[in-house]
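# A look at the structure
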Amino acid sequence: MVGDMSFENARVLVFGGTGAQGRSIVQGITLARTKRYRVSVLTRNKNSTQAAALASSFPDVQFVEGSYTTEEGLRNAFANQDVVYFSIDSFNVGEPFEYFWTFRAYEIAVQSKLKWFIFAGAGDRYGKLGMDEKYRNSHNIVSSGVYAEMLGILLRPTENEDGFIFQNPVDDDSVMPLLPLEMYGYRLQWALAHPEESIGKMLSAGPFFVTFPEIAAALQQVTGKKAQFKSITTSAWMEAISGHVDPDRRLPRGADPTDPTSFTFRKSFGAWWNIWKEQKEKKIEDMAWADEVYPERPRSLKEWMQTVGYEGKQIVPLYEQS
Ligand SMILES: NC(=O)c1ccc[n+]([C@@H]2O[C@H](COP(=O)([O-])OP(=O)(O)OC[C@H]3O[C@@H](n4cnc5c(N)ncnc54)[C@H](OP(=O)(O)O)[C@@H]3O)[C@@H](O)[C@H]2O)c1
């Protein structure tokens, strides 16, 4: 599917461009200094608030209306494109359909003569963990880091007169790969400019590999307030978030409670935490590579917190309707 190795002036289709990750992709390739890509976004509704916001920030972006869970939507979207950034929103689509439409989309992309099919993320969800059921979650069947912005949402600390406390079901030495959303865009910008080094490869975007005590220390330095981490059980974490999210609600959103292929939030995020609990390695080489992709990037989590103004609270309105 590679064909011509030059992707200068390529026509790039972005799945999920109206969402958190896809917007970063649109931004990264639209603002590429030396290349001129023609960017299209697949959306189910061109008139949504998110589509309007994207159009006002990036007026040259074209919209293709349709769904990637239909043949017609995929064929229309892939017509006259060179590259697709392929990402299925697993929280909306569900595991069986994510598997099916991922394979089907690849077939239709080949038929549509796309030159490059880029999967979002890297690696797989739990293959390296022996496919043990306790790690199986409803996140993408291809995985990636955790958005650093989640520190203001699911991972956020509580605050009281003594300062901040992060309470999550991992160990003191468990490592989370926190990936600022903007890095998705810089990574794709770099990949399009360096196809020989990117095609057929898994590309990391250099997350910050950090433990929760390190996250707390960074927050303490940024705010001047005491911040600490306490390891809790998964059930205590579920109890703590139950004021915001019903742990027994079904994923994908709107799933029939009797559908055996759906997950409860508890099952999915319990497994998600199991993965991070046992992750103890910092992949330093991924961070070094990211310095080439985005030389001006914040070099530490503390620097990132200062750059985006993170002070233990939400910084971007992700998943408002969730
Ligand atoms: N949160 C994290 O830390 C994290 C980290 C890595 C990966 N992820 C993964 O990222 C994915 C979610 O992406 P996100 O964070 O960007 O979510 P998001 O902000 O909720 O965006 C979801 C996007 O999916 C599009 N979409 C949903 N169903 C569609 C369909 N049938 N056809 C076409 N487009 C459809 C939506 O487009 P329209 O509404 O415009 O149609 C929207 O742009 C999930 O699969 C999750 O596993 C999350």
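Scope of this entry: the structure provided in the associated data block. None of the values given here were measured: they were computed from a predicted structure. (Residues numbered from 1 in each chain as written. Predicted model: local features only at pLDDT ≥ 70, side-chain atom pairs only at ≥ 80, totals over all residues. Heavy atoms only, no water.)

### Focus: the side chain of Arg 297
Counting through the fold element by element, Arg 297 comes out in the loop between helix H11 (284-293) and helix H12 (301-308). Of the residues examined, Arg 297 reaches a relative accessible area of 5% and is grouped as buried. Among all residues touching Arg 297, those that are not within four sequence positions of it are Met 183, Gly 206, Phe 208, Met 287, Ala 290, Asp 291 and Glu 303. (Helix = DSSP H or I, 4+ residues; strand = E, 2+ residues; numbered from the N terminus. Buried < 20%, exposed > 50% of the residue type's maximum accessible area, 1.4 Å probe, protein only. Contact = heavy atoms within 4.5 Å.)

### Some details on the packing of helix H1 (residues 20-30) against helix H6 (residues 182-193)
Two elements in contact, H1 and H6, have axes separated by 7 Å at closest approach and are oriented at 45 degrees. In terms of their interaxial angle, H1 and H6 are classed as oblique. Note on packing geometry: the crossing formed by H1 with H6 is right-handed. Residues Gln 21, Ser 24, Ile 25, Gly 28 and Ile 29 of H1 form the contact with H6, whose participating residues are Glu 182, Met 183, Tyr 184, Gly 185, Leu 188, Gln 189 and Leu 192. Across the contact of H1 with H6, the residue classes tally to 6 nonpolar, 5 polar and 1 charged. (Axes fitted to C-alpha atoms, helices over the stretch in contact; angles between N-to-C directions. Parallel < 35°, antiparallel > 145°, perpendicular 65-115°, else oblique. Left-handed = near helix turned anticlockwise from the far one by under 90°. Nonpolar A, V, L, I, M, F, W, Y, C, P; charged D, E, K, R; others polar.)

### Examining the sheet that holds strand S5 (residues 116-119)
For sheets, the rule is that strands pair by backbone hydrogen bonds, running either parallel or antiparallel. Spatial strand order, S3-S2-S1-S4-S5: 5 strands in an open sheet with parallel pairing. What marks the edges here is a single partner per strand, and that holds for strand S3 (62-65) and S5. The average undirected angle you get between the axes of adjacent strands in this sheet is 20 degrees. Here strand S1 (residues 11-15) pairs with strand S2 (residues 38-43) via 5 bridges, running parallel. When the sheet's bridge partners are listed, Phe 15 is paired in S2 with Leu 42. Packing against the sheet, helix H5 (residues 95-111) makes contact with strand S4 (83-86) and S5, and its axis sits at approximately 160 degrees to S5. Here H6 sits on the sheet and contacts S1, S4 and S5; the angle it forms with S4, its principal contact strand, is near 150 degrees. (Pairing = 2+ DSSP bridges.)

### Thoughts on the packing of H6 against H11
It is the contact of H6 with H11, at a shortest axis distance of 10 Å, that shows an interaxial angle of 70 degrees. By the criterion of interaxial angle, the relationship of H6 to H11 is roughly perpendicular. Counting all contacts with H6, which are made through Met 183, Tyr 186, Arg 187 and Trp 190, the residues of H11 involved are Trp 289, Ala 290, Glu 292 and Val 293. Broken down by class, the residue content of the contact of H6 with H11 amounts to 6 nonpolar, no polar and 2 charged.

### Details of unusual backbone geometry
The amide bond that connects Leu 251 to the next residue, Pro 252, takes the cis arrangement and shows omega of 5 degrees. With respect to the secondary-structure elements, Pro 252 resides in the loop between strand S12 (250-251) and strand S13 (263-264). You will see that Asn 9, though not glycine, has its phi angle at about 60 degrees, which is positive. Among the structural elements, Asn 9 can be located in the segment before S1. The class of Asn 9 is exposed, set by a relative accessible area of 51%.

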